[in-house]
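# Structural overview
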Amino acid sequence: MFPQLLFSTFLLFNTYFFQFSIAQTCPPPPTCPTISPPPRPTRTVTYVRPRPPLYDLSLRLLPRQPFNNPGPLANRARILAITQELKRNITFDPQNYTGTWVGNNYCLFKGFYCDTVPDLNITGLAGIDFNGARFGGNLNFFRFITNLPDIAIFHANSNNFSGAINQGLNGLRYFYEIDLSNNKFIGGFPTNVLSATNLTFVDLRFNNYVGTVPRSLFNFDTDVLFINHNVFNRTIPSNFGNTPALYLTLASNNFTGSIPRSIGAAWDTMTEVLLLGNKLSGCLPFEIGYLNRSTVFDVGSNRLTGPIPQSFGCMAKLQILNMAHNKFYGPIPEVLCRLPNAFNFTLSNNYFTQVGPQCMRLIRLKRLNVNRNCIMGLPFQRSAADCASFFARPRPCARESTFNIVPCRLPAASMRTRTVSQEDEVPPSPRSYSALIKPPH
Ligand SMILES: *[C@@H]1O[C@H](CO)[C@@H](O)[C@H](O)[C@H]1NC(C)=O
Ligand SMILES: *[C@@H]1O[C@H](CO)[C@@H](O)[C@H](O)[C@H]1NC(C)=O
Ligand SMILES: *[C@@H]1O[C@H](CO)[C@@H](O)[C@H](O)[C@H]1NC(C)=O
Ligand SMILES: *[C@@H]1O[C@H](CO)[C@@H](O)[C@H](O)[C@H]1NC(C)=O
Ligand SMILES: *[C@@H]1O[C@H](CO)[C@@H](O)[C@H](O)[C@H]1NC(C)=O
Ligand SMILES: *[C@@H]1O[C@H](CO)[C@@H](O)[C@H](O)[C@H]1NC(C)=O
Ligand SMILES: *[C@@H]1O[C@H](CO)[C@@H](O)[C@H](O)[C@H]1NC(C)=O
Ligand SMILES: *[C@@H]1O[C@H](CO)[C@@H](O)[C@H](O)[C@H]1NC(C)=O
Ligand SMILES: *[C@@H]1O[C@H](CO)[C@@H](O)[C@H](O)[C@H]1NC(C)=O
């Protein structure tokens, strides 16, 4: 048996059996059987990586204007016709995009970007960038884009596009980036978007999509999936962990139910996951601990409860952890505080009851915030009455024994942990938090 396993067993036991009480003193180290990890969940779909490039990647799509003499243009008549129709529908154009939509060289239109269409080997319309154009009017996204057959990138945040996407987009053979954030879409999740199977970037945040997200969303091969700030109010489908997305934001919806166990299946891809600001409940699945490439894990402001699984000690890359404003309880596992990249761990506004020396070290370094918990002897804690009334009610978790599982080899407890003075320290630069900011109007 590895010494580190013994050590973690001790901590595990503490986490799991500790009960808050005002007169609590640390219990003697108990012994309990080591629980060996079950095999991690596996994806039920397979993905082809790396993906073949669609357009020649040596051509950077967007900065290629002006394109004064492109030669023959792919699908010219069709694109000009739909552009004039869109122009007629645009009732508000504060930056005068449509003023440039004249003549028959669409490569010169503001917001239009051309490139060589691989299968046609002539210049075509590869990119639309209407981000922040603030077009007003009744603008039908589906009708517009289905008439842009060579499109690769469609960015149109902060406009007035709407309308049902009532058929597939699979005619768009090169389509790989869609940004429809902050438009006027309503209704259920636009499942037909998922027929564009080459999408690597899916940004539907800040719309008014309601109800359920389809299981197919998480069987869909994409790198980036932003669906925050909609009104999704059902559970996260159980196949969640099938997603190969590196960056995921489901924040600020009304998702209910628990975090699916399958999340552990995404261990080799999931890098940043933002679930904050929903109505998620239940206890954390220990399978989160398989996510050893995650740098950001944020479940703040939900209705989650239970202890922190010891498996979190395996999230070796974790830099930013937010669990604030939930109903978590128990001692904060020392293995969590030993994580080498801990930078901003926010566990405030819960009902945690105890911290050990490693966590005290992080608190002193201002990397761990445990304000407004039930930790005796620390400042800024909840009142004893608050804590007592919380603990008066039992809050059991299903699968309680799994909270002790440590599905990795932890560094020996005696090993020195890194300190702030260490020179190779790079502050984290998370990419997904910017998705929580509404694109500017
Ligand atoms: C819009 O742009 C066009 C072409 O650049 C120009 O002729 C027109 O005067 C502009 N309109 C406004 C309202 O600025
Ligand atoms: C594409 O067209 C150019 C000339 O326009 C030609 O030189 C080149 O060989 C063509 N490439 C392919 C793959 O057909
Ligand atoms: C934007 O679209 C909505 C509905 O789709 C409509 O009610 C509203 O008037 C439009 N806004 C502008 C500025 O055209
Ligand atoms: C333009 O408006 C008409 C009438 O509302 C609508 O049928 C059509 O789909 C719109 N087209 C585009 C490209 O927005
Ligand atoms: C995705 O790209 C591949 C390779 O270019 C192509 O064969 C396929 O048809 C595309 N899929 C869709 C749905 O357009
Ligand atoms: C979530 O539901 C509550 C009502 O239970 C509602 O007040 C709130 O606006 C909803 N949030 C979102 C993002 O729709
Ligand atoms: C979700 O929202 C819809 C539309 O607002 C509402 O009809 C439905 O009752 C909600 N479902 C749940 C589970 O909250
Ligand atoms: C991450 O976890 C996987 C499987 O759980 C394991 O094979 C791999 O070695 C781990 N990587 C690191 C850096 O610990
Ligand atoms: C740490 O994270 C919390 C919660 O996400 C955030 O409110 C706070 O600003 C962050 N602190 C720093 C120094 O980044």
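Not measured: the values here are computed from a predicted model. (Residues numbered from 1 in each chain as written. Chains lettered and ligands numbered in written order. Predicted model: local features only at pLDDT ≥ 70, side-chain atom pairs only at ≥ 80, totals over all residues.)

## Things to note about the overall build of the protein chain
Scanning the protein chain from N- to C-terminus turns up 6 helices and 23 strands. The buried share of the protein chain, taken over its 441 residues, is 45%. Within the protein chain, contacts between residues at least 6 apart in sequence are counted, and of these 58% link residues at least 24 apart. (Helix = DSSP H or I, 4+ residues; strand = E, 2+ residues; numbered from the N terminus. Buried ≥ 20, exposed ≤ 12 C-beta atoms within 10 Å, placed from the backbone. Contact = placed C-beta atoms within 7 Å.)

## Here's the deal with the sheet that holds strand E22 (residues 351-354)
Within a sheet, neighbouring strands are paired by backbone hydrogen bonds and run either parallel or antiparallel to one another. Spatially, the 4 strands line up as an open sheet ordered E16-E18-E20-E22, and their pairing is parallel. Edge positions in the sheet fall to strand E16 (281-283) and E22, since each of these pairs with one other strand and no more. Recorded for the sheet is a direction-independent mean angle of 15 degrees between the axes of neighbouring strands. Two elements, strand E20 (residues 327-331) and E22, share 3 bridges in a ladder whose sense is parallel. Among the inter-strand pairings, Pro331 is bridged to a residue of E22, identified as Gln354. (Pairing = 2+ DSSP bridges. Axes fitted to C-alpha atoms, helices over the stretch in contact; angles between N-to-C directions.)

## Concerning the pairing of strand E11 (residues 208-211)
One face of the sheet, then the other: side chains in a regular strand alternate in exactly this way. Where strand E9 (residues 186-187) lies against E11, 2 bridges are found, and the strand directions are parallel. Note on E11: the bridge partner recorded for Ile186 is Asn208. As defined by bridge partners, E11 adjoins strand E13 (residues 231-232) across 2 bridges and the pair is classed as parallel. Residue pairing for E13: Val210 is matched across the bridge by Val231.

## Some words on the site of ligand 8
Close to ligand 8 lie Arg40, Trp267, Tyr290, Asn292, Ala316 and Cys408. By residue class, the composition of the shell around ligand 8 is 4 nonpolar, 1 polar and 1 charged. (Near = placed C-beta within 6 Å. Nonpolar A, V, L, I, M, F, W, Y, C, P; charged D, E, K, R; others polar.)

## Observations concerning the confidence of the model for the protein chain
The predicted model of the protein chain has a mean per-residue pLDDT of 88, with 86% of residues at 70 or higher. Here residues 1-33 is a poorly scored stretch, pLDDT under 50, and it has 50 contacts once near neighbours within four places are set aside; other chains count. (pLDDT = per-residue confidence, 0-100.)

## Notes on the site of ligand 6
Neighbouring ligand 6 are the residues Val231, Ser252, Asn253 and Asn254. Each residue belonging to the shell around ligand 6 can be placed in one class, and the counts come to 1 nonpolar, 3 polar and no charged.

## Observations concerning unusual backbone geometry
One non-glycine residue, Phe206, lies in positive phi territory at about 55 degrees. Tracing the chain through its elements places Phe206 in the loop between strand E10 (201-203) and E11.

## Quick notes on the sheet that holds E13
What the 3 strands build is an open sheet, ordered E9-E11-E13; its pairing is parallel. The strands lining the two open edges of the sheet, one partner per strand, are E9 and E13.

## Some remarks on the nonpolar core
Ranked by size, the top nonpolar core spans 118 residues in total, and within it Ile151, Leu275, Ile332 and Phe352 carry the most contacts. At 4 residues, strand E2 (residues 112-117) tops the list of elements feeding residues into this core. Looking at this core, you find at least three residues from each of domain 1 (71-182) and domain 2 (212-414). With near-sequence residues (within four places) excluded, Phe352 lies in contact with Phe328, Tyr329, Gly330, Pro331, Ile332, Leu347, Val370, Asn373, Cys374 and Ile375. (Core = buried A, V, L, I, M, F, W, Y, C linked by C-beta atoms within 7 Å. Domains from an automatic or database assignment.)

## Quick look at helix H2 (residues 76-89)
Compared with an ideal rise of 1.5 Å per residue, which puts 14 residues at 20 Å, H2 spans 20 Å between its outermost C-alpha atoms and is within 8% of the ideal. Taken as a whole, H2 has its buried residues at Ile79, Thr83 and Leu86. In an axial view of H2, the angular spread of the buried residues amounts to 60 degrees, which keeps them on one side of the axis. Of the residues in H2, the exposed ones pointing more than 90 degrees away from the buried face are Ala77, Ala81 and Arg88. (Expected span 1.5 Å × (residues − 1). Arc of directions from axis to C-beta.)

## Looking at the environment of Phe312
Mapping Phe312 onto the fold places it in the loop between strand E18 (303-306) and strand E19 (320-322). Assessed through the 24 C-beta atoms surrounding it within 10 Å, Phe312 is described here as buried. When the C-alpha positions of Phe312 and Pro333 are compared, they lie 8.5 Å apart, and in sequence the two are 21 residues distant. Contact partners of Phe312, with chain neighbours within four places excluded, come to Ile288, Gly289, Pro333, Val335 and Leu336.

## Things to note about the environment of Lys87
Considering the arrangement of structural elements, one finds Lys87 in helix H2. Each C-alpha atom, one on Lys87 and one on Tyr97, is 9.3 Å from the other, the two residues being 10 residues apart in sequence.

## So, the environment of Phe175
Tracing the sequence through the fold places Phe175 in the loop between strand E7 (161-162) and strand E8 (177-179). Assessed through the 25 C-beta atoms surrounding it within 10 Å, Phe175 is described here as buried. In the structure, Phe175 is positioned 23 residues away from Ala152 in sequence and 4.0 Å away in space, judged by C-alpha atoms. Look past the residues within four positions of Phe175 in its chain and what remains in contact with it is Ile151, Ala152, Leu169, Ala196, Asn198 and Leu199.

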